[in-house]
Amino acid sequence: MCGIVGYVGPRPSQAILLAGLARLEYRGYDSAGIAVIDGDGDLGMRKRAGKLGVLRDDLEATALADGTTGIGHTRWATHGGPTDDNAHPHLADDDRLAVIHNGIIENFSELKSELVAAGCTFHSETDTEVAAVLLGRAYRDAEGDLTEAFRRVVGRLEGAFTLLAMHEDHPGLVVGARRNSPLVIGLGKDENFLGSDVAAFVEHTRSALAIGQDQIVAITPQAVTVTDFAGQAVDVEPFEVTWDASAADKGGWSSFMAKEIAEEPEAVRNTLLGRIHDAGVVIGELEPLDDAFTRISRVIVVACGTAAYAGAVGKYAIEQWARVPVDVELAHEFRYRDPVIGPDTLVVSISQSGETMDTLMAVKYARERGARTVSICNTQGATIPRESDAIVYTHAGPEVAVASTKAFVAQITALYLFAMHVGRVRGELDAAASAGLVAELEAVPEKISTIIEREQTRIEQLAHWMTDTRSVLFLGRHVGYPIAMEGALKLKELAYIHAEGFAAGELKHGPIALIEPGQPVIVIVPSPRESALLHAKVVSNIEEIRARGARVIAIAEEGDAAVLPKADEVLRIPLAGPLFEPLLAVVPLHIFAMALSTSKGLDVDQPRNLAKSVTVE
Ligand code: M6R
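These figures come from a predicted structure and were not determined experimentally.

For the rest of this paragraph, the subject is the overall build of the protein. Counting secondary structure elements, the protein contains 17 helices and 26 strands. Scaling as 2.2 N^0.38, a compact globule of 617 residues should have a C-alpha radius of gyration of about 25 Å, and the protein matches this with 25 Å. Principal-axis analysis of the C-alpha atoms gives the protein an extent of 80 × 55 × 45 Å. A total of 617 residues make up the protein; the buried ones form 63% of that total. Nonlocal contacts in the protein, meaning residues at least 24 apart in sequence, comprise 72% of its contacts between residues at least 6 apart. Surface exposure of the protein reaches about 21800 Å², of which carbon and sulfur atoms provide 50%. Taking the average place of the 56 positive charges on the side chains of the protein and the average place of its 85 negative ones, the gap between the two points comes to 5 Å.

The two faces of the sheet receive side chains in turn, since in a regular strand these alternate between them. In terms of residue burial, strand β12 (residues 215-219) counts as a mostly covered element, since five of its five residues are buried. Direction of pairing for β12 relative to strand β13 (residues 224-228): antiparallel, over a ladder of five bridges. Bridging from a neighbouring strand, I216 pairs with T227 of β13. Counting the residues between successive antiparallel strands, the hairpin from β12 to β13 contains four residues.

Along its sequence, the protein is carved into domain 1 (3-248), domain 2 (250-429) and domain 3 (450-607). Between the C-alpha centres of domain 1 and domain 2 there is a distance of 31 Å. Taken together, the 20 residues of domain 1 in the interface contact 16 residues of domain 2. Across the domain 1/domain 2 interface, buried area totals approximately 1400 Å², and carbon plus sulfur atoms make up 54% of it. The largest share of the area that domain 1 buries against domain 2 comes from Y26, N180 and A248, three residues that together contribute 31% of it. Applying the counting criterion to the domain 1 and domain 2 interface returns zero salt bridges. Linking domain 1 to domain 2 there are three residue pairs in polar contact (both at pLDDT 80 or more). No other element matches strand β14 (residues 237-240), which puts three residues into the side of domain 1 that touches domain 2. Residue composition of the side of domain 1 that touches domain 2, by class: twelve nonpolar, five polar and three charged.

Below, the discussion takes up the environment of A593. Turning to its location among the elements, A593 is positioned in helix α17 (residues 581-599). Take A593: its relative accessible area is 0%, and that puts it in the buried class. Placed 82 residues apart in sequence, A593 and P511 show a C-alpha to C-alpha distance of 22 Å. Beyond its immediate stretch of four places on either side in the chain, A593 contacts K490, L491 and L494.

This model, assessed by the stated rule, comprises eight aromatic pairs. The interplanar angle of 35° and the centroid separation of 6.0 Å between the aromatic rings of F193 and F201 together place this pair among those described as tilted. Of the residues examined, F201 reaches a relative accessible area of 0% and is grouped as buried. With centroids separated by 6.0 Å and ring planes inclined at 90°, the aromatic side chains of F293 and F418 adopt a geometry described as edge-to-face. With F293 in helix α8 (residues 290-295) and F418 in helix α13 (residues 406-425), this residue pair connects regions lying 125 residues apart in the sequence. For F293, a relative accessible area of 0% gives the class buried. Just above the ring of F122 sits the side chain of K112; from NZ or CZ to the centre is 5.0 Å. Stacked on the ring of Y496, the Lys or Arg R608 has its end atom at 3.9 Å from the ring centre.

A few words on the side chain of S531. By the element assignment, S531 lies in the loop between β24 (520-524) and α16 (532-547). Overall, the relative accessible area of 14% leaves S531 in the buried class. Among all residues touching S531, those that are not within four sequence positions of it are P526 and P578.

A word on the site of the ligand. Close to the ligand lie 14 residues; S351, Q352, S353, T356 and E493 are nearest. Separating an oxygen atom of the ligand from a side-chain N or O atom of E493 is a distance of 2.3 Å. Expressed as a share of its isolated accessible area of 410 Å², the protein-covered part of the ligand is 91%. Looking at the shell around the ligand, the elements that each hand over two or more residues are α9 (305-322) and α15 (480-495). Per-class residue counts for the shell around the ligand are five nonpolar, seven polar and two charged. Per-domain counts for the shell around the ligand show at least three residues from each of domain 2 (250-429) and domain 3 (450-607).

The next subject is the environment of G354. Summarising the element assignment, G354 is placed in the loop between β19 (345-351) and α11 (357-368). For G354, a relative accessible area of 0% corresponds to the buried category. G354 sits 22 residues away from I376 along the chain, and the two C-alpha atoms are 8.4 Å apart. Leaving out residues up to four positions away in the same chain, G354 has contacts with C377, A382, T383, I384 and P385.

Attention shifts here to the nonpolar core. The biggest cluster of nonpolar side chains holds 125 residues, and the ones touching the most others in it are F293, W321, V374, Y416, L491 and F580. If one sorts the elements of this core by residue count, α13 sits on top with 13 residues. Not counting the four nearest positions on each side in its chain, W321 is found in contact with Y416, A419, M420, G423, E428, L429, L437, L579 and F580. Formed by 32 residues, the second largest nonpolar core is a distinct cluster that contains A92, L111, F122 and F161.

By the criterion of burial, β19 is predominantly enclosed, with seven of the seven residues buried. As defined by bridge partners, strand β17 (residues 298-303) adjoins β19 across five bridges and the pair is classed as parallel. Of the residues in β19, the one forming a bridge with I300 is V347. Strand direction decides the pairing type here: β19 and strand β20 (residues 372-377), joined by six bridges, are parallel. Within β20, the residue paired with S349 across the bridge is S375.

Reading the values: rules and limits
Residues numbered from 1 in each chain as written. Predicted model: local features only at pLDDT ≥ 70, side-chain atom pairs only at ≥ 80, totals over all residues. Heavy atoms only, no water. Helix = DSSP H or I, 4+ residues; strand = E, 2+ residues; numbered from the N terminus. Rg over C-alpha atoms; globule rule 2.2 N^0.38 Å. Buried < 20%, exposed > 50% of the residue type's maximum accessible area, 1.4 Å probe, protein only. Contact = heavy atoms within 4.5 Å. Areas by Shrake-Rupley, 256 points an atom, 1.4 Å probe, with all protein chains shown as cover. Lys, Arg positive; Asp, Glu negative; His and termini not counted. Charge placed at Lys NZ, Arg CZ, Asp CG, Glu CD. Pairing = 2+ DSSP bridges. Domains from an automatic or database assignment. Buried area = accessible area lost by both parts, 1.4 Å probe. Salt bridge = Lys/Arg side-chain N within 4 Å of Asp/Glu carboxyl O. Polar contact = N/O pair within 3.5 Å; in protein donor to acceptor, adjacent residues only side chain to side chain. Nonpolar A, V, L, I, M, F, W, Y, C, P; charged D, E, K, R; others polar. Phe/Tyr/Trp six-rings, centres within 6.5 Å; stacked < 30°, edge-to-face > 60°. Lys NZ or Arg CZ within 6 Å of the ring centre and 35° of its normal. Near = heavy atom within 4 Å. Core = buried A, V, L, I, M, F, W, Y, C linked by side-chain atoms within 4.5 Å.

The following block contains the structure:
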């Protein structure tokens, strides 16, 4: 899970590489490095453990000769700790060849033993250096043809990789290859770019090409050549990036996460755009599968982390509106248990990045067994949508903070649209019912804005008082249950404190033993108007934990008077239908996790040990 960028053109490359890496730092930030072929045709390299700022400072203190061809890397360590030596690039062929890599080369230790036996020496513990050394040897065997050297090496590598390389002999050329790991091309005027995603080059061009699996690309200032691993020319899909560089900037906010929470209303609104017609839902991208939707007997949702919680919310809507059974599976568990899949199974993957390896592998596995696949994804040109039969893009815009916020509400919105589309096609959702649901969905952005305006300051105070809290529990029922888990995940990853989300009904089966005086518990309370029975049950759960000394923070609908005397704090959300409450109840939880992290003085956007896009299994 690393970020990679490559540049060839007329401009000095260092500033371009560093700016690209800054936009890709969400992919990994434990070390960074660049290599440049300077004006004299010499290859120079600098790399440092730590965030990109450490490398920047180093380059400012001691300049590296600049040039117009370069590659850059920001790392999330897999093989070998985050040290200067293990940072990328790695050099080979007498330090004349520089290589960067994203992914994991699974057979690297066999290859390394073979190379050591052949007399090669290594300077790092990484799998990448093995690829670099192999490439250096292949380059000599291929008599200085770098693209041919790539062809010879990729066949020897198992696992996932995007590799970029450049050689002193060829200023103005960067070559890359990808398998199960992302790589996109940016097309400029007399200059071209490579990047893990379009963020690497969007400030220079919005014109892009997506490279397919098992393909090799060579870029020069004037040309882009893409071939498969056998050397056959292939057509590549052009696309236009729909957002500009400013969308990926902080724009005056204290953190990307603060900006992205503020963008939650817009994320929902934009995801609805163009999909509502005559108060019903028609998703053009899904129409080729309409016939299949009438024949499916089950849906399996595969996703990880926050995306899986969005899936768990979506399950209620798909079952209720399309009347088809839904299982939600963590993608990394799915393919290891021989699941029952066939042509009547529809696998829906959810991924903000579209590059999560666990999810990608689950989708491929399902396809190989005859399932139809739909991808719900936020990133154009990403791998998972390209491996799926149909795509529903969430239009949340670029999400940079490692913790997912606006993508989550956009994912639920897309799942609801999907459920309504499939419900209509299957004859389960009539026009009147659809119109009511559409009206509810269209009202969500405004309601989220209301929550942010009304509750943000109070939530920040609450978080401030709770700075030293060591554990927080979250309770929910029905659609509130996945929201409780989402709230707990956000708190773990951002504030590094113990947090658990429970189904409220499960309390008495064990978790209630955790309650001791002062234990903070955040409870998502269902609407008393819409679900009186559920509401009563949750209120009685609150009484049970209150009786044991818990400090209760309730998230409840405006006007819910029953909850007031039972809770220590009540955060209010506007009135909404039962399935639309999750889109509102999650907002205070996102703000709370961010505020607690901030009050602890932690890095909200780049929490420790994590990366935004988990492109390794
Ligand atoms: O890019 P994806 O949506 O596939 O990512 C899935 C998870 O890795 C992601 O949601 C992760 O759990 C977030 N850090 C949660 O905030």
